[in-house]
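Architecture and fold: a report
Listed below are the residues making up each chain.
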Amino acid sequence: MKTPISLIIDDAAPVVSVYCTHAGRTATMDGRPLAQYYPNSLFFRFCDIAERYGLHGKFSVVPMPGNLGSVAGSIEGVSGSDLSAWLEGVKQRLSPAFSICPEMLTHNYAVDLATGAALPLNEQEWASDKDRTALEPYIAKALSVLRDAGLDPTGVTSPWMFGIEVEDEYAAAISGALLDALGKKTGWFFLRTVTGRPKIRPWVEVKESGRILVAIPATTHDSFWCTIDDPRTGPEFVSSLADRLISKDGKSGELIDVLDTGGWPVILTHWQSLMSNGLGTGLSALEETARRIEEHLSDRVEWKSFASIAETVAASPEDFPKPDFSR
Ligand SMILES: [Zn+2]
């Protein structure tokens, strides 16, 4: 059996930059205005690359991006036609190769579920002292908004390190919300990035009452993040970004390190890292990375969605124990 390989896209939302809403700055480090919106042309370019190279993974859709509206209704500054073209692209071109998930409601300020009003703290701060009874309705709401937008979420992504302070309560709440909101007994979530350990693979986080929740960790760093603050777009720069994951000759890089130690390569990146403040440099680097994976690793790895990985793990849970992170 080939080793599963998968791609994490965090922080995506229709047209609006969720990152810009919580970045706490208005300019890039080299002094350009921080982009508030990304044109759909860049979203379609991502779809082209995903289709061309057969990429699979998970794709976040932030349900109420940056407290600016709702993907199931309207979003401030985004036309109705751009919103529906983006959602249609997610449905028709990315699903099911990419498993869809919320990244909680706003990836910015937590909201009062009764009124939709923003609370004076961000979602991770809000979650940090909550138990399952408070977390479950919040997560169920996030799943329901995506369902109302016509999407089929199969798991959950944590904005920042949402829930890490109360991880057991958080995991139980996700599993409960998937069942309550969507009737799903098997699901997955992404919270942790785990690097520098041998044999890193997904694990079973919750197994009770016929429900299974699989934790899928990122196993590489986001190699493209620096493109937000770098105006360079040329081929040498793009090649150097891909090199961090897989070198031109396919012999070194984080992906090779993970594979050589028996782990599953799960590539982390963010929507803002691919958009590169409107330049799309990260998309070029992703394309070059995908090309090198196809050229050098086709006999070793196979692209898998997060839902498919969760099914594999759920089929033999005893083979996927949770690692001891205290060591
Ligand atoms: Zn995020």
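I will try to describe carefully the structure that is included in this document. Keep in mind that this is a model prediction, so the values were computed, not measured.

Remark: helix α2 (residues 40-53) packs on helix α3 (residues 80-94), axes separated minimally by 11 Å, with the N-to-C direction vectors making an angle of 5°. Relative to α3, α2 is oriented roughly parallel. Touching Asn40, Phe43, Phe44, Cys47, Ala50 and Glu51 of α2 are Asp82, Ala85, Trp86, Gly89, Arg93 and Leu94, all from α3. For the contact of α2 with α3, the residue count by class is seven nonpolar, two polar and three charged.

As a further point, take the sheet that holds strand β8 (residues 203-208). Pairing within the open sheet is mixed, and its four strands lie in the order β6-β7-β9-β8. The strands lining the two open edges of the sheet, one partner per strand, are β6 (155-157) and β8. Across this sheet, the average inter-strand angle for adjacent strands is 20°, counted without regard to direction. In terms of strand pairing, strand β7 (residues 186-190) meets strand β9 (residues 211-215) through four bridges, oriented parallel. Bridge pairing in β9 links Thr186 to Ile212. Those strands touched by helix α6 (residues 167-182) are β6, β7, β8 and β9, and its axis lies near 125° from that of β9.

Counting buried positions along strand β10 (residues 266-270) gives five out of five residues, so the element sits mostly inside the fold. Neither face of β10 is left uncovered, since the one carrying Val266, Leu268 and His270 and the one carrying Ile267 and Thr269 both have all their residues buried.

Here we come to the pairing of strand β1 (residues 3-10). It is a general feature of regular strands that their side chains alternate between the two faces of the sheet. Most of β1 is tucked away: seven of the eight residues are buried. Pairing between β1 and strand β11 (residues 301-303): three bridges, direction parallel. Across the sheet, Pro4 pairs through a bridge with Glu302, a residue of β11. Where β1 lies against strand β2 (residues 57-60), three bridges are found, and the strand directions are parallel. Its bridge partner being in β2, Leu7 is matched across the sheet by Gly57.

Cut-offs used in this document
Residues numbered from 1 in each chain as written. Predicted model: local features only at pLDDT ≥ 70, side-chain atom pairs only at ≥ 80, totals over all residues. Axes fitted to C-alpha atoms, helices over the stretch in contact; angles between N-to-C directions. Helix = DSSP H or I, 4+ residues; strand = E, 2+ residues; numbered from the N terminus. Parallel < 35°, antiparallel > 145°, perpendicular 65-115°, else oblique. Contact = placed C-beta atoms within 7 Å. Nonpolar A, V, L, I, M, F, W, Y, C, P; charged D, E, K, R; others polar. Pairing = 2+ DSSP bridges. Buried ≥ 20, exposed ≤ 12 C-beta atoms within 10 Å, placed from the backbone.

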